[in-house]
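# Survey of secondary and tertiary structure
Spelled out, the chains give:
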Amino acid sequence: MLYSGISYGGVILGTVLCYLVPAALLAHFGPQGLKEGGWRIAFAVGGLLGLTSGYARLFPVRIRVVAMGLP
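So, here is what we can say about the structure in this document. Just so you know, these numbers come straight off a predicted model, no measurement behind them.

### Here's the deal with the packing of aromatic side chains
Any two aromatic rings considered together are summarised by their centre-to-centre distance and by the angle between their planes. A full pass over the atoms with the stated rule returns one aromatic pair. Here Trp 39 and Phe 43 contribute two aromatic rings whose centre-to-centre distance is 5.8 Å and whose plane-to-plane angle is 90 degrees, an arrangement assigned as edge-to-face.

### Here we look at the environment of Phe 29
Tracing the backbone shows Phe 29 in helix α1 (residues 2-38). Along the primary structure Phe 29 and Trp 39 are separated by ten residues, whereas in three dimensions their C-alpha atoms are 9.4 Å apart. Not counting residues up to four positions away in its chain, the partners in contact with Phe 29 are Leu 34, Gly 38 and Ile 41.

### Looking at a nonpolar patch on the surface
A surface patch of nonpolar side chains, amounting to about 500 Å² of accessible area, comprises Leu 13, Leu 17, Phe 29, Ile 41, Val 45 and Leu 49. Of all the elements in the fold, those that place two or more residues in the nonpolar patch are α1 and α2 (40-56). As for its placement among the helices and strands, Leu 13 is situated in helix α1.

What counts, and where the lines are drawn
- Residues numbered from 1 in each chain as written.
- Predicted model: local features only at pLDDT ≥ 70, side-chain atom pairs only at ≥ 80, totals over all residues.
- Heavy atoms only, no water.
- Phe/Tyr/Trp six-rings, centres within 6.5 Å; stacked < 30°, edge-to-face > 60°.
- Helix = DSSP H or I, 4+ residues; strand = E, 2+ residues; numbered from the N terminus.
- Contact = heavy atoms within 4.5 Å.
- Patch = residues over 30% accessible without salt bridge, like charges linked within 9 Å, V, L, I, M, F, W, Y side chains within 5 Å.
- Areas by Shrake-Rupley, 256 points an atom, 1.4 Å probe, with all protein chains shown as cover.
- Salt bridge = Lys/Arg side-chain N within 4 Å of Asp/Glu carboxyl O.

This is the structure in structure tokens:
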């Protein structure tokens, strides 16, 4: 149950970020600024998040939930 909740929370967080990042870029740069290269910032942010998540997967952490009696 806990693992599926964490996974679902990650999906929701990713979806929210997919809407917030372009909205913030559009508010900051405006339509013309995005056409002139501001769109690259979203790809840079996504690339950094991808590299960070790949690095985090190199060192898996097993969390023991004692209260629920799970192994």
